[in-house]
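The residues making up each chain are set out below.
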Amino acid sequence: MRFLVFVAGLLVSLGVVADDVDFTLTDLDGKQRSLSEFRGKWVVVNYWATWCPPCLDEIPDLVEFHEKHKDHDAVVLGVNFEEVNREYLMEFVESHFMTYPVLPMEPVPVTPLGPVMGLPTTYIISPQGERIARQEGPVTGADIEAFLERKKQERNGVQLSPADQGRLAAAN
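Just so you know, the residues in each chain are numbered from 1, in the order the chain's sequence is written. For a predicted model such as this one, the threshold for reporting local features is a pLDDT of at least 70, and the threshold for listing and counting side-chain atom pairs is 80 or more; totals across whole chains, interfaces and linings nevertheless cover every residue. Hydrogen atoms and water are omitted, and side-chain values are computed over all heavy atoms in the structure.

A.B. asks: Would you take a moment to explain the overall build of the chain for this structure?
C.D. replies: Numbering of helices and strands starts at the N terminus; helices are DSSP runs of H or I of at least 4 residues and strands are runs of E of at least 2. Helices and strands together make up the secondary structure of the chain, namely 5 helices and 10 strands. Burial statistics for the chain: of 172 residues in total, 48% are counted as buried. We call two residues in contact when some of their heavy atoms are within 4.5 Å. Put simply, 71% of the contacts in the chain that link residues at least 6 apart link residues at least 24 apart. Only the protein chains shown count as cover for residues, and all accessible areas are computed by the Shrake-Rupley method using a 1.4 Å probe. As displayed, the chain has an accessible area near 8,500 Å², and 55% of this comes from carbon and sulfur atoms. Relative accessible area decides the class of each residue, using a 1.4 Å probe on protein chains only: under 20% of the type maximum gives buried, over 50% gives exposed, and in between gives partly exposed.

A.B. asks: Explanation requested: the side chain of His66 in the structure shown.
C.D. replies: Mapped onto the elements, His66 comes out in helix α2 (residues 53-69). Whenever two N or O atoms come within 3.5 Å, that pair is a polar contact, provided that in protein one can donate a hydrogen and the other can accept it, and provided that, for residues adjacent in sequence, both atoms are side-chain atoms. Engagement of the side chain of His66 in a polar contact is seen with the backbone nitrogen of Val76, the distance being 3.1 Å.

A.B. asks: Got a minute to help me understand the layout of surface pockets in this structure?
C.D. replies: Any space left empty among the atoms is revealed by the rolling of a water-sized probe across them. Space inside and on the surface of the protein is sampled on a 1 Å grid over the protein atoms alone, with a cavity defined as a set of points where a 1.4 Å probe fits but cannot get out and a pocket as an open set with protein on both sides within 12 Å along at least 5 of 7 lines; lining residues have an atom within 4 Å of a point. Grid points are joined across faces, edges and corners, and a volume is the space filled by probe spheres set on the points. Estimated volume of the largest pocket: approximately 160 Å³. A per-class count over the lining of the largest pocket returns 7 nonpolar, no polar and 3 charged. Following the grouping adopted for this structure description, the nonpolar residues are Ala, Val, Leu, Ile, Met, Phe, Trp, Tyr, Cys and Pro, the charged ones are Asp, Glu, Lys and Arg, and the polar ones are all others, Gly among them.

A.B. asks: What exactly am I supposed to notice about empty space enclosed by the protein here?
C.D. replies: Considering all chains together, one arrives at 1 cavity of 30 Å³ or more under this definition. Taken as a whole, the largest cavity encloses approximately 30 Å³ of empty space. Along its surface, the largest cavity is lined by Leu35, Phe38, Arg39, Lys41, Val43, Ile125, Ser126, Pro127 and Gly129. Residue classes in the lining of the largest cavity are distributed as 5 nonpolar, 2 polar and 2 charged.

A.B. asks: Got a minute to help me understand the environment of Tyr100 in this structure?
C.D. replies: One can find Tyr100 in the loop between α3 (86-95) and β6 (102-105). Of the residues examined, Tyr100 reaches a relative accessible area of 3% and is grouped as buried. C-alpha separation for the pair Tyr100 and Val63, spaced 37 residues apart in sequence, amounts to 6.6 Å. Sequence-distant contacts of Tyr100, defined by excluding residues within four places in its chain, comprise Ile59, Leu62, Val63, His66, Val76, Leu77 and Gly78.

A.B. asks: Please clarify how the sheet that holds strand β4 (residues 42-48) should be interpreted in this entry.
C.D. replies: Sheet strands associate in pairs through backbone hydrogen bonding, adopting either a parallel or an antiparallel arrangement. Ordered in space as β1-β10-β9-β4-β5-β6, the 6 strands form an open sheet in which the pairing is mixed. The two strands at the open ends of the sheet, each matched to only one other strand, are β1 (19-20) and β6. A strand pair is defined by DSSP finding two or more bridges across the two strands. Bridging between β4 and strand β5 (residues 74-81) involves 7 bridges; their strand directions are parallel. When the sheet's bridge partners are listed, Trp42 is paired in β5 with Ala74. Running at roughly 150 degrees to β6, α3 makes contact with β4, β5 and β6 of the sheet. All axes are obtained by fitting lines to C-alpha atoms, using only the stretch in contact for helices, and the reported angles, taken between N-to-C directions, cover 0 to 180 degrees.

A.B. asks: How should the environment of Met90 be read in this particular structure?
C.D. replies: As for its placement among the helices and strands, Met90 is situated in helix α3. Each C-alpha atom, one on Met90 and one on Asp29, is 9.2 Å from the other, the two residues being 61 residues apart in sequence.

A.B. asks: Would you take a moment to explain helix α4 (residues 141-155) for this structure?
C.D. replies: Three- or four-residue spacings in an α-helix give side chains the same orientation, since the helix completes a turn every 3.6 residues. Multiply 1.5 Å by the residue count of a helix minus one, and that product is the helix's expected span. Its 15 residues give α4 an end-to-end C-alpha distance of 21 Å, which sits within 8% of 21 Å, the value for a rise of 1.5 Å per residue. Every buried residue of α4 is listed here: Gly141, Asp143, Ile144, Ala146, Phe147, Leu148, Arg150, Lys151 and Gln153. Following α4 by one or two positions, Gly157 adopts a phi angle in the positive range, close to 80 degrees.

Listed below in structure tokens is the structure:
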């Protein structure tokens, strides 16, 4: 059921045709990171904050998803969406074993990817650099995997039957 709510939320929330997006932010090591450097992979952009309990609940799943996919087909970018001291943020990231890039950003009503009305907010970017989905509220690694599998099947022209969709949801 959670899978269906997640997929419906992603599809309804975006409500526009996929469009190319890009941004550049500085990571905690001082390196400029652009969304476009990850072309060819799915990119999960997760807006979060250290004070946000649902954001903290997502971290282990996002780390696991990133570690499983980073060398193959997908990465996670964590956009820290608050004004905090850089040293505090670095300690927080280390203490939570966050292995995906974390990019600090001052909160703004509309980001280069679109609005962030609440935290956490997650955008999914296609390997072609198109913003294809947005979710306000928490996500799990299983939610993301199921959504990406469905999108891969659609892009390959394979239409999953309702029974196959149910099996995919149950497996994840």
